[in-house]
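Coordinate analysis (summary)
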Amino acid sequence: MNLFVTGGAGFIGSNFIRHILSLRQGHRVVNYDKLTYAGNLANLETVADDPNYRFVKGDICDGPAVTAAMEGCDAVIHFAAESHVDRSIYEPSAAIETNVTGTFVLLQIARTLQVQRFVHISTDEVYGDILPGAFADEGSHLRPSSPYSASKAASDLLVLSYVRTYGFPGLITRSSNNYGPFQFPEKFLPLMITNALDSKPLPIYGDGAQQRDWLHVEDNCRGILAVLERGRIGEVYNIGGLDIVENLTMARRLLRVMSKPETLLSYVQDRPGHDRRYALKCEKMERELGWKPMISLEDGLRQTIEWYGANATWMAGVRGGEYRSYYEKYYENRDSTLHAIAQSGPKTSH
Ligand code: NAD
Ligand code: DAU
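Notes on the structure in this doc start here. (Residues numbered from 1 in each chain as written. Chains lettered and ligands numbered in written order. Predicted model: local features only at pLDDT ≥ 70, side-chain atom pairs only at ≥ 80, totals over all residues. Heavy atoms only, no water.)

1. Observations regarding the site of ligand 1
In the region of ligand 1, 28 residues are neighbours, and I12, D33, S83, Y148 and K152 sit closest. The backbone of L35 places a nitrogen or oxygen atom 3.4 Å from an oxygen atom of ligand 1. Here an oxygen atom of ligand 1 sits 2.6 Å away from a polar atom, N or O, in the side chain of Y148. In isolation ligand 1 exposes 830 Å². Once the protein is present, 97% of that is buried. Among the secondary structure elements, those contributing two or more residues to the shell around ligand 1 are helix 1 (11–23), strand 5 (117–123), helix 5 (147–166) and strand 7 (177–179). The biggest single contributor to the shell around ligand 1 is strand 5, with 3 residues. (Near = heavy atom within 4 Å. Polar contact = N/O pair within 3.5 Å; in protein donor to acceptor, adjacent residues only side chain to side chain. Areas by Shrake-Rupley, 256 points an atom, 1.4 Å probe, with all protein chains shown as cover. Helix = DSSP H or I, 4+ residues; strand = E, 2+ residues; numbered from the N terminus.)

2. As for the sheet that holds strand 6 (residues 170–175)
As summarised here, the arrangement of the 7 strands in space is 3-2-1-4-5-6-10, forming an open sheet in which the pairing is parallel. Sheet topology places strand 3 (53–57) and strand 10 (236–239) at the edges, where each strand pairs with a single neighbour. Along the sheet, successive strands turn relative to each other by an average axial angle of 20 degrees, direction set aside. Here strand 4 (residues 75–78) pairs with strand 5 via 4 bridges, running parallel. By the bridge assignment, V76 is partnered in strand 5 with F118. Sitting on the sheet, helix 1 touches strand 1 (2–6), strand 2 (28–33), strand 3 and strand 4, and the angle it makes with strand 2 is about 170 degrees. Against the sheet, helix 4 (residues 93–112) makes contact with strand 1, strand 4 and strand 5, and its axis sits at roughly 165 degrees relative to strand 5, the strand it touches most. (Pairing = 2+ DSSP bridges. Axes fitted to C-alpha atoms, helices over the stretch in contact; angles between N-to-C directions. Contact = heavy atoms within 4.5 Å.)

3. Structural notes on the site of ligand 2
Ligand 2 sits among 24 residues. The nearest are T123, D124, E125, Y148 and R271. For ligand 2, an oxygen atom lies 2.9 Å from a polar atom in the backbone of Y205. Within the contact set of ligand 2, an oxygen atom lies 2.9 Å away from a side-chain nitrogen or oxygen of N247. For ligand 2, whose free accessible area comes to 690 Å², the fraction covered by protein is 95%. Contributions of two or more residues to the shell around ligand 2 are made by helix 6 (188–197) and strand 8 (202–205). At 3 residues, the largest contribution of residues to the shell around ligand 2 is made by strand 8. Its residues placed into classes, the shell around ligand 2 shows 9 nonpolar, 9 polar and 6 charged. (Nonpolar A, V, L, I, M, F, W, Y, C, P; charged D, E, K, R; others polar.)

4. Some details on the sheet that holds strand 9 (residues 211–216)
One open sheet accounts for 3 strands, arranged 7-9-11; its pairing is mixed. Taken across any chain shown, the strands that pair with only one partner, and hence form the sheet edges, are strand 7 and strand 11 (244–246). Averaged over all pairs of adjacent strands, the angle between strand axes in this sheet comes to 50 degrees, irrespective of strand direction. Of the pairings in the sheet, the one linking strand 7 to strand 9 comprises 3 bridges and is parallel in character. What sits directly across from N177, in strand 9, is W214.

Given below as structure tokens:
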């Protein structure tokens with residue numbers, strides 16, 4: 001198979017490319033990525049010289065460039081996105097442009113080129129806040145809370161509309177919070193791990209009682225491969241780690257494993273519109289595709305902490321200019337920055 005992978009220089013995409021090249025030796029991969037702040041070719045150094053791998057720098061919103069790069073591909077696995085919820089709250093336009101318009105451009109071109117399968121990588125955030133004791137299955141209502149999750153829900157609906165209207169071979173995965181090697185340190189776990197390694201404060205939003213379901217990225221890659229190869233066209237598949245933990249409990253656990261003091265915990269102003277809980281039902285993946293998560297949170301966390309500790313050069317690369325100014329603005333000057341954002345929008349009377 002010739003695979004067209006979008007966003008393959010990011011966290012999950014790069015793990016997926018390494019996964020598939022090692023498991024499916026006849027497959028060829030085109031990695032199409034714009035290399036935003038989150039895209040990093042250092043994530044793919046081990047496969048850069050593989051004759052079955054080719055990198056093309058490009059934007060998914062650029063139709064002619066996408067057409068040229070996708071020509072001859074049998075399947076699309078679409079990871080490219082503005083993936084960080086906080087950034088989508090601070091500056092939403094990039095998330096709308098890439099996640100909605102970019103997905104639309106890909107769908108149009110994939111349909112014209114008659115690709116055989118189009119796997120759209122989505123998120124459990126499209127279901128919004130899940131009440132304590134409840135779980136979202138693939139038929140649950142979409143109630144996204146942030147510009148990021150709304151843009152992902154919009155792109156999911158576009159994919160499903162193409163299936164229904166044009167008989168397009170689309171499939172969707174919705175996964176929970178991934179963690180593991182090569183994750184950009186704006187996200188919770190790598191941010192906490194790398195700050196703890198430097199004995200810097202661990203910023204806990206609000207009361208820290210929000211819950212997330214943690215999934216090791218390798219388990220997700222196995223799930224995505226199963227959906228690509230054996231999933232039913234037009235179907236949505238939830239992929240969760242089935243390990244739901246409060247943020248504060250998770251931060252304390254990391255500090256314990258890393259032998260760092262709890263005095264590093266620092267409560268900071270909450271994320272606006274913050275979802276309290278995500279929780280997925282994943283029976284469909286197990287029933288139809290024989291998939292379930294294999295990596296326990298205990299093992300996965302230990303390996304991930306070790307990986308960040310052992311990859312100081314990679315860390316120094318990603319924590320350069322852009323990340324430093326992001327961190328300064330949204331963490332070191334959090335209160336004034338969030339206040340300015342709250343004041344800047346139009347006021348409604350209801
Ligand atoms: P990431 O931010 O690490 O990587 C995104 C990649 O997309 C980067 O390489 C970036 O350069 C590329 N990209 C961004 N805009 C682009 C554009 N316009 N054209 C081409 N490339 C572009 O993201 P991630 O965490 O690896 O997430 C990958 C996908 O999985 C996303 O669609 C995200 O919504 C979804 N997802 C992520 C998680 C998670 O926990 N990280 C969980 C569920 C779903
Ligand atoms: O659930 C899947 C989603 O998981 C993906 O679709 C997104 O792409 C991915 O970014 C992630 O979104 P979250 O908002 O859940 O992840 P994040 O790592 O930003 O935050 C996890 C939790 O930790 C959340 O409750 C907010 C909190 N948090 C986060 C950061 C960055 C903090 O308390 N402090 C922080 O500094």
